[in-house]
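The chain contents come next:
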Amino acid sequence: MNSYLQSHIRQLESEAIFVLREVAAQFERPVLMFSGGKDSIVMAHLARKAFYPGKIPFPFLHVDTGHNFPETLEFRDRLMAELGVNLIVARVQDSIDRGRVVEETGPFASRNGLQTVTLLDALAEHKFEAAIGGARRDEEKARAKERFFSHRDAFGQWDPKNQRPELWSLYNGMKNPGEHFRVFPLSNWTELDVWQYIQAEAIELPSLYFTHRRNILVRDGVLLAASELVYPVGGETVEERQVRFRTIGDMTCTGAVESDAATIAQIIDEIATARVTERGARADDKRSEAAMEDRKRQGYF
């Protein structure tokens, strides 16, 4: 890694650590959102560095749709044990059982949109004032409207036109009772930055991010992992392909990309020439042109 790139990566690291320490200083009950994806794994790594040699001073929260890749859950549990943090798991299935949400039916059903209610209920139950996440502004146009400290009203809703200015790295965490913040320390990072940081810090990741052979079906241009949840309909066929995942989420909507990249260096080379963002493989973002912004206004992360 050349000196300019090393300096760039360390600047981003310092900024993210500064934001994490601001959260710990301003809020009594913060929580770090953890999905098992690369961005949340980088967030966990940064949190460990930010408060070393002390322990990470807040719990982690995973909103579990029940439709996760097994590799993700295995990695999550192993990392939580290594970090020694308290992991809270909020399950979408519990929200369904309590009648808080109604599950979609049919071959194209997904629980991804149901996470919003489960998340808001968990934040309210534990009285969390700030939820720290690994979202980045380059992911999607709605993400680009976020601040580092992104205010949510008492209903957990986001108004992109009613956010606080953040001049000179000053973050305003003042809020009314019942309100909370979403905090995004990786706001200024790109997907390529994340991978270069992973390489520089030798951060371990789930095997899903690297090339492997998997049964795939193609639906609306998205390569979905075939399973009991995702099965062929209307002439679709299942075939084995050499793929990897650029982003990890609910199995019903997380698409793969065809790739032979088996190392981080190969992934970095691949991303440097990619013309489609990582969320271009997310089927849930294709439901409408403003799908992400609509979900975020309702409280989605």
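Scroll up a little and you will see the structure.
This text gives an overview of the structure that appears in the document. (Residues numbered from 1 in each chain as written. Predicted model: local features only at pLDDT ≥ 70, side-chain atom pairs only at ≥ 80, totals over all residues. Heavy atoms only, no water.)

What the protein contains, in helices and strands, is 8 helices and 10 strands. Computed over the C-alpha atoms, the radius of gyration of the protein is 19 Å, within 12% of the 19 Å expected from 2.2 N^0.38 for a compact globule of 301 residues. With the principal axes as the frame, the protein shows a C-alpha extent of 55 × 55 × 40 Å. Within the protein, buried positions represent 54% of all 301 residues. Here the contacts in the protein between residues at least 6 apart in sequence split such that 73% fall between residues at least 24 apart. (Helix = DSSP H or I, 4+ residues; strand = E, 2+ residues; numbered from the N terminus. Rg over C-alpha atoms; globule rule 2.2 N^0.38 Å. Buried < 20%, exposed > 50% of the residue type's maximum accessible area, 1.4 Å probe, protein only. Contact = heavy atoms within 4.5 Å.)

A few words now on helix 5 (residues 115–125). Taken as a whole, helix 5 has its buried residues at Gln115, Thr116, Thr118, Leu119, Ala122 and Leu123. Down the axis of helix 5, the smallest arc covering the buried residues is 165°, so these residues share one side. Helix 5 presents Ala124 and Glu125 as exposed residues on the side facing more than 90 degrees away from its buried surface. Downstream of helix 5 by a residue or two, Lys127 has a phi angle that is positive, lying close to 55°. (Arc of directions from axis to C-beta.)

Below, the discussion takes up the nonpolar core. Counting residues in hydrophobic clusters, the biggest one holds 59 residues, and the most contacted among them are Val42, Leu46, Phe58, Phe60, Phe149, Trp189 and Trp195. Secondary structure elements with two or more residues in this core: helix 1 (3–26), helix 2 (38–51), helix 3 (70–83), strand 4 (130–132), strand 6 (180–183), helix 6 (191–201), strand 8 (222–225) and helix 7 (264–272). Discounting residues that sit within four places of it in the chain, Trp189 has contacts with Leu12, Glu13, Ala16, Val42, Leu46, Arg136, Asp138, Val194 and Tyr197. Counting 15 residues, the second-largest nonpolar core is a separate cluster that includes Val63, Ala90, Ile96 and Ala122. (Core = buried A, V, L, I, M, F, W, Y, C linked by side-chain atoms within 4.5 Å.)

Let's shift gears to a nonpolar patch on the surface. Taken together, Leu167, Trp168 and Leu170 make up a surface patch of nonpolar side chains, about 420 Å² in accessible area. Tracing the backbone through its elements, the reader meets Trp168 in the loop between strand 5 (149–152) and strand 6. You can call Trp168 exposed: its relative accessible area is 73%. (Patch = residues over 30% accessible without salt bridge, like charges linked within 9 Å, V, L, I, M, F, W, Y side chains within 5 Å. Areas by Shrake-Rupley, 256 points an atom, 1.4 Å probe, with all protein chains shown as cover. Salt bridge = Lys/Arg side-chain N within 4 Å of Asp/Glu carboxyl O.)

One open sheet holds the 6 strands; their spatial order is 3-2-1-4-6-5, and the pairing between them is mixed. Looking at which strands have only one partner, the edges of the open sheet turn out to be strand 3 (87–91) and strand 5. Across the sheet, the mean angle separating the axes of adjacent strands is 30° when strand polarity is ignored. (Pairing = 2+ DSSP bridges. Axes fitted to C-alpha atoms, helices over the stretch in contact; angles between N-to-C directions.)

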